[in-house]
Structure formats: structure tokens, C-alpha cells
Amino acid sequence: MRLRLHLWLATAAVAATATLATARSNAPAAQPAAAQDEPRSPDGRRYLAQPLVLDKFFADPSAHVFNGKIYVYPSHDIDAGIPNDDLGNQYAMRDYHVLSMDEIGGPVTVHPVALDVKDIPWASKQTWAPDAAYKNGTYYLYFPARDKQGLFRIGVATSKSPTGPFKAEPKPIRGSYSMDPAVFTDTDGESYMYFGGIWGGQLQRWKNGRYDPNGGDTDLKQDDKPAIAPKIARMSADMKQFAETPRDVIITDENGQPILGGDHDRRFFEAAWTFKRNGKYYFTYSTGDTHFVNYAIGDSPYGPFRFTGHILKPVQGWTSHHSIVEFKGRWYLFYHDTQLSDQNHLRSAKVTEMTFNPDGTIQTIDPFKD
């Protein structure tokens, strides 16, 4: 596999550092002395942030604060030699590692394999973007994977450690489908899973609650009708099942009408993530083929959520997938791009600080400095 490693990266002169599972660590290095020394994208732009890890590819970073530390649950990109296609077959991930750090900008530990697809009884391949949660002394890892029939389902695995190893339940969550699980726990202790993704995520094939193999490869081709909605379900007390039938998460425009399928700059594609701030619920997501990370605000974890704006402009690479976490009174956006490889299926996780305006809106982040 040929990687486009810039000289600046090859000499390890980066702000982000990585500690390998063998406990070998890279010492933090100084920032480049001048702008001309910074790594640049193929079109010549400087990156806003640098990869958290240099020797492995991690994408879809779901960040959480447990016990005063940051733990990141990403997917683990590999090169399986599969050509690119619109259904995502080139994303052939097969295991998970957990990343941890004591401080933003400090050393990053890459822990040993937390879960491998071969140890998931019901799964066949493609362990895509995961998430995690904690309750009553147990850590939960939620993940999508294809079952033996090739359908995406969502599974759960448990551990007494935030870094695993995790033991998978023998079957996927009942009533689950599609991909990109994200679990939000409200201030009252109730937890909810948001999930779904169109195109390769198969959500368009579940229009009537049953899988339709002829449901299309992209969306419903109904640009003048409400866009396909992501799903939400409250979790059971043991965090291993849905406590209710999944329902639609409605994203509306400024007039309270559902975002339409043809509105690709605002409609949902994948990568749901929800957080709460000052009593408001922020539902965030990726627009996929237009490459934005968006947010919409509501008064309930179920929504409806009113589209409010873009959080992140397009990164280098096709996909955009993120998480948002508060740490020591400051808010951070974790995301990924293809800086190290310039290949869509080999991505690197990054982090940058977010800024809220006094009215609760979010200042849009450009992943490039120029």
C-alpha cells in the first residue's frame, strides 16, 4: 500500500502523538516553524488539525469522557484491495481499537484489539462506525456489521473496561437494521440510540419496516418528498435492546416542514450524533454526497429538529463522520479525513475545538487553514 506521507509527517514533526499498544510512544513535537513547512492537501491547502495516530487508519471517531479521560471509539480502516463503489464495499473493516488521551493535544494511546468480527457470532464482515456508552459499571460497544445474509444489523458488546476487550452478544439487537449507531444518555438517565444511513447503509431498503432488496442503492428518488429519516429508539434498562419500536427523527426547515429528499445540502445521509447543551438537543449528521456535517436543534431527544446550519465544511476525502464532546468546559469536534493516504477508504481521525455563539448556534469550522 503506497501512502502519500509528507516529509513533515515522515519526520514525526507533528503536534498529535501516538502511543502504540506495545506501550511505545512518540514524544510530542513542536509545531512547524513556518506555514511553508506545514503539510498540505493535494490542492495546496494547509490542514486545520493533524491526525491523532500516524501508523494506523482510524475513522468515524466517537468520543466520550469516562473517568476524566477521553476515549475514542473509531472504525479501523484497512486496505482490502476492493475497488471503490457507491455501496461502500471498499470499507472492509474487521476489528475495533480504542484510543485514549488524558488531554486534547496530548499523547494518544492505541489500545489492543477491543473486538474482532470473528468473535461476533452473528456477523460476517464490515464492522463499520461504532459508538460506546457506560452504565452501572459496564461499558457498552455498539457496532454495525453485515449478518450472514448480507444485511446490516446493529450489535452490542460489553466490558468492565472502557478499552475492552468486549464480548459480543450472540445476536444483534432485535429490530435493528442499517448502520451508524450513536447512543445518547439524557440528564434523566434515559438512553436513546440514533441510527441509519442511506446508500451503502441500506436505510432506503427499509421504507416500510421490512427489508426490500430492490429498494434501490441510493435513496428513494423522490426529491420533492420528505427525505429518508434517521431512526431513534429508547434503550432498555440493560442497554442491550430497544425498549420501543424505532421511529423517525424528523429534520425540518425554517418553516417547520420536513427537509426534502432533493435538498442534499441539508438532508440526512448518515453519522447521527446527539448532544444536549443548555436544555436544547442538538441532532448532528453528515450529508454524504455534499460532504457537510450539519446540526439541527430541538426540545426533545425525539425531535423534531429544526435545521440550523453547517458544523463542518467538506474535508479531504468523500466521507465525513464525527462526534462532539464536552471536556473540561470546552467543546470539541472529532472528525476524519484522508490526509495521510489521499484514499477514501484509508482515513485518519482528528480533533478541533468548537465555538458556540451566545444564541446557541455553532460557528462553522473549515478543516483547512487556507
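Examining the side chain of Asp60
Note on placement: Asp60 falls in strand 2 (residues 57-66). Relative accessible area serves as the criterion here: at 5%, Asp60 is assigned to the buried category. Reaching out from Asp60, the side chain makes a polar contact with the side chain of Ser75 at a distance of 2.5 Å. Those residues within four positions of Asp60 in sequence are excluded, and the remaining contacts are Tyr73, Pro74, Ser75, Met93, Ala129, Pro130, His321, His336 and Arg347.

Overview of the sheet that holds strand 12 (residues 191-195)
Within the open sheet, the four strands sit side by side as 11-12-13-14. Their pairing is antiparallel. A strand with exactly one partner marks an edge of an open sheet, and here the two such strands are strand 11 (182-185) and strand 14 (247-248). Here strand 13 (residues 231-234) pairs with strand 14 via two bridges, running antiparallel. Across the sheet, residue Ile232 finds its bridge partner in strand 14, namely Arg247.

Regarding the confidence of the model for the chain
For the chain, per-residue confidence averages 92 on the pLDDT scale, and residues scoring 70 or more make up 91% of the total. Scored below 50 in pLDDT, residues 1-33 makes 67 contacts in the model with residues more than four places away or belonging to other chains.

Digging into unusual backbone geometry
With the exception of glycine, the majority of residues adopt a negative phi angle, and the majority of peptide bonds are in the trans configuration. The omega torsion of the bond from Gly164 to Pro165 falls at 5°, within 30 degrees of zero and hence cis. Secondary-structure assignment places Pro165 in the loop between strand 9 (152-159) and strand 10 (167-168). At the junction of Gly303 and Pro304, the peptide bond is cis and its omega measures out at 0° in the coordinates. The topology assignment puts Pro304 in the loop between strand 18 (293-298) and strand 19 (305-312). Positive phi outside glycine occurs at Gln202, with the angle close to 70°. What makes Gln202 buried here is its relative accessible area of 4%. Look at Met239: it is not a glycine, yet its phi comes out positive at around 65°. Looking at the secondary structure, you find Met239 in the loop between strand 13 and strand 14.

How each quantity is defined
- Residues numbered from 1 in each chain as written.
- Predicted model: local features only at pLDDT ≥ 70, side-chain atom pairs only at ≥ 80, totals over all residues.
- Heavy atoms only, no water.
- Helix = DSSP H or I, 4+ residues; strand = E, 2+ residues; numbered from the N terminus.
- Buried < 20%, exposed > 50% of the residue type's maximum accessible area, 1.4 Å probe, protein only.
- Polar contact = N/O pair within 3.5 Å; in protein donor to acceptor, adjacent residues only side chain to side chain.
- Contact = heavy atoms within 4.5 Å.
- Pairing = 2+ DSSP bridges.
- pLDDT = per-residue confidence, 0-100.

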